[in-house]
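Geometric and topological summary
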Amino acid sequence: QVQLVESGGGLVQAGGSLRLSCAASGRTFSSYAMGWFRQAPGNEREFVGAISWSGSSTHYADSVKGRITISRDNAKNTIYLQMNSLKPEDTAVYYCAAAPDFVIATLELEYAYWGQGTQVTVSS
């Protein structure tokens, strides 16, 4: 059983920055690829970015590339999503997820565990 809990969401002005955290339970965290997804009102959940087991490899969606950085601290069972130059279209519920047995994963179906989500609202 893996439990993921996101935190750090809130209201931020356009152009501002925000860092989301995701705390994971379980001692198998280091063998999981981790990722971030988001879902805006009326839209389907979309991929934001992912990080490999070791943190040596990352992938980012084109919509956020250059504005976000994903990192992980396996000792703390935590991953982070640093977001800069935020835009109103970044407004969404952000979810972290874990993919067992994957070095890195970018598809929603590859992820087995999901957090409850945290709301990010970017004002114009």
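Provided above is the structure to which this section pertains.
The structure presented is a predicted model; accordingly, all values stated were derived computationally and were not measured.

1. Observations regarding the state of the cysteines
One pass over the full model with this rule turns up one disulfide. The disulfide partner of Cys22 is Cys96, and the gap between their sulfur atoms is 1.9 Å. Judged by the sign of its S-S torsion, about 50°, the bond between Cys22 and Cys96 is right-handed. With Cys22 in strand E3 (residues 18-24) and Cys96 in strand E9 (residues 92-100), this pair connects stretches of sequence that are 74 residues apart.

2. Brief notes about the pairing of strand E5 (residues 46-51)
Most of E5 is tucked away, with five of its six residues classed as buried. As paired strands, strand E4 (residues 32-39) and E5 are joined by five bridges and run antiparallel to one another. Residue Gly35 lies in a different strand from E5, and its bridge partner there is Ala50. The hairpin formed by E4 and E5 contains six residues between the paired strands, and Gly42 there has a positive phi angle of roughly 80°. Taken together, the three bridges between E5 and strand E6 (residues 58-60) define a ladder with antiparallel strand orientation. Following the sheet pairing, Ile51 is matched in E6 by Thr58. What sits between E5 and E6 in their antiparallel hairpin is a turn of six residues, with Gly55 showing a positive phi close to 85°.

3. A short note on the nonpolar core
Counting residues in each nonpolar core, the largest one holds 34 residues, and the members touching the most others are Leu4, Leu20, Trp36, Leu81, Met83 and Tyr94. At six residues, E9 tops the list of elements feeding residues into this core. Apart from residues lying up to four places away in sequence, Leu4 is in contact with Cys22, Ala23, Ala24, Met34, Cys96, Ala97, Ala98, Tyr113, Trp114, Gly115 and Gln116.

4. Here's the deal with the packing of aromatic side chains
Counted under the stated rule, the structure contains five aromatic pairs. Between Phe37 and Phe47, the aromatic rings sit 5.6 Å apart at their centres with planes inclined by 70°, giving edge-to-face as the arrangement. Of this pair, Phe37 sits in strand E4 while Phe47 sits in strand E5, and the two are 10 residues apart along the sequence. We note that Phe37, like Phe47, is buried. On the numbers, 4.9 Å between centres and 55° between planes, the contact of Phe37 with Trp114 is tilted. With a gap of 77 residues between them, Phe37 in strand E4 and Trp114 in strand E10 (residues 113-114) connect regions that are remote in the sequence. What makes Trp114 partly exposed here is its relative accessible area of 26%. These aromatic residues form a ring-pair network of at least three members: Phe37, Phe47, Tyr111 and Trp114. Above the face of the Tyr95 ring, Arg45 is positioned so that its terminal group lies 4.2 Å from the ring centre. Residue placement shows Arg45 over the ring face of Trp114; its charged tip is 4.4 Å from the ring centre.

Definitions and limits used
- Residues numbered from 1 in each chain as written.
- Predicted model: local features only at pLDDT ≥ 70, side-chain atom pairs only at ≥ 80, totals over all residues.
- Heavy atoms only, no water.
- Disulfide = S-S within 2.5 Å.
- Helix = DSSP H or I, 4+ residues; strand = E, 2+ residues; numbered from the N terminus.
- Buried < 20%, exposed > 50% of the residue type's maximum accessible area, 1.4 Å probe, protein only.
- Pairing = 2+ DSSP bridges.
- Core = buried A, V, L, I, M, F, W, Y, C linked by side-chain atoms within 4.5 Å.
- Contact = heavy atoms within 4.5 Å.
- Phe/Tyr/Trp six-rings, centres within 6.5 Å; stacked < 30°, edge-to-face > 60°.
- Lys NZ or Arg CZ within 6 Å of the ring centre and 35° of its normal.

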